[in-house]
Amino acid sequence: MDDSREWLIEELKKVEAWEKDQNDLWFFEKIGRLPFKLIDKWTPKFIQDRIGILLDELGQYVQTGGNYLSSVSKIPSYYPELEVQTIEDVKTLPTSKMDHAVDGLTKNRKKLATLQGAGTGIGGIFTLSIDIPLLLGLQLKTIQDIAICYGYDPNDKKERLFIVKCLQFISSDIVGKEAILSQLSMFDDEDESAKREVLSEMQGWREVVYSYRDQFGWKKLFQMIPIAGLLFGAFINRSAVHDIAEASKMLYRKRRIIEKLGYDEIDLIIIEKT
């Protein structure tokens, strides 16, 4: 039965297995970050200025939500067959219902990403420079809406930090991923020192964005070809949204399961494993 102790523990094990499967960046991804150093040199100043503005807007998101803040008013659309109106209502739902809502959301966002990637892929390098911040914005919205589906409110500044860490997780190597997982494990900790350690990570947002942008180096390289970039752009953007949605689902799902089990219960499970 959904949300029984046995079911929750089994699902938690699945999430932890997924975490262990997150490998280091491919060799081609590492060397592929180099093309962006060239792209920056080739890109006209007006496009670089536009990217700078969009990056500033993303930075403002962390502090205020800005133009990228998702609204909890969307909740009824995620659960059309249920009487769910608020974040508090969502928290009472079985985890499987939350998973179902996230799967539907992910499917729709992947379609949108495919169209967006195809549209920006037509123009080669010029539209590529615009595509990256647009894709970041789409992924940021996707993470937030997944958060809402699991009963977490992006209007909370602290919650936006968790969302940023989900975004950073995707572009990190294995050491970075381990560090982020460690930080997120303390995210809801009542200990003040643990909270300060996590909240200190609020700084350096622009570095997160730039490293994330660079991750697309080799993946976006073929999108620089006009017209042919349509196909590459559609595929790459769809894959990018799939990856961020999968990671966000797992990270938020783990957090919700742990809260449902209770932290005392989790400590007991850890003891039983050892």
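Calculation criteria
Residues numbered from 1 in each chain as written. Predicted model: local features only at pLDDT ≥ 70, side-chain atom pairs only at ≥ 80, totals over all residues. Heavy atoms only, no water. Helix = DSSP H or I, 4+ residues; strand = E, 2+ residues; numbered from the N terminus. Buried < 20%, exposed > 50% of the residue type's maximum accessible area, 1.4 Å probe, protein only. Contact = heavy atoms within 4.5 Å. Areas by Shrake-Rupley, 256 points an atom, 1.4 Å probe, with all protein chains shown as cover. Core = buried A, V, L, I, M, F, W, Y, C linked by side-chain atoms within 4.5 Å. pLDDT = per-residue confidence, 0-100. Polar contact = N/O pair within 3.5 Å; in protein donor to acceptor, adjacent residues only side chain to side chain. Phe/Tyr/Trp six-rings, centres within 6.5 Å; stacked < 30°, edge-to-face > 60°.

1. Some points on the overall build of the protein
Here comes step 1: A tally of helices and strands in the protein yields 15 helices and zero strands.
Here comes step 2: Taking all 274 residues of the protein together, the buried fraction comes to 50%.
Here comes step 3: Of all intrachain contacts in the protein linking residues separated by at least 6 positions in sequence, the fraction that spans at least 24 positions is 78%.
Here comes step 4: For the protein, the exposed area adds up to about 13,700 Å²; of that, 59% sits on carbon and sulfur atoms.

2. Things to note about the nonpolar core
Here comes step 1: Formed by 42 residues in total, the largest nonpolar core has its most connected members in Tyr-79, Leu-251 and Tyr-252.
Here comes step 2: Contributions of two or more residues to this core are made by α1 (5-20), α5 (75-78), α6 (87-91), α7 (95-121), α8 (125-149), α9 (157-171), α10 (174-185) and α14 (229-261).
Here comes step 3: Ranked by the residues each element gives to this core, the list is headed by α8, at eight residues.

3. Considerations on the side chain of Thr-95
Here comes step 1: If you trace the backbone, Thr-95 turns up in helix α7.
Here comes step 2: Take Thr-95: its relative accessible area is 0%, and that puts it in the buried class.
Here comes step 3: Not counting the four nearest positions on each side in its chain, Thr-95 is found in contact with Asp-3, Trp-7, Leu-8, Arg-253, Ile-257 and Lys-260.

4. Notes on the confidence of the model for the protein
Here comes step 1: Summing up the model confidence of the protein, the mean pLDDT is 77 and the portion of residues at 70 or higher is 64%.
Here comes step 2: The weakest mean pLDDT in the protein belongs to helix α15 (residues 263-273) at 50; the strongest belongs to α6 at 95.

5. A closer look at the environment of Glu-159
Here comes step 1: Within the fold, Glu-159 resides in helix α9.
Here comes step 2: Separated by 28 residues in the primary sequence, Glu-159 and Phe-187 place their C-alpha atoms 9.4 Å from one another.
Here comes step 3: Excluding residues that lie within four positions of it along the chain, Glu-159 makes contacts with Tyr-152, Asp-153, Pro-154, Tyr-252 and Arg-255.
Here comes step 4: Here Arg-255 takes part through its side chain, which lies 2.6 Å from a polar atom of the side chain of Glu-159.

6. Topic: the packing of aromatic side chains
Here comes step 1: Scanning the model with the defined rule gives three aromatic pairs in all.
Here comes step 2: For the pair Tyr-152 and Tyr-252, a centre-to-centre distance of 5.3 Å together with 45 degrees between the ring planes defines the contact as tilted. Of the two residues, Tyr-152 is situated in the loop between α8 and α9 and Tyr-252 in helix α14; the sequence distance between them amounts to 100 residues.
Here comes step 3: Note on Tyr-152: relative accessible area 6%, which makes it buried.
Here comes step 4: For the ring pair Phe-162 and Tyr-252, a centre distance of 4.6 Å and an interplane angle of 55 degrees mean the geometry is tilted. Of this pair, Phe-162 sits in helix α9 while Tyr-252 sits in helix α14, placing them 90 residues apart in sequence.

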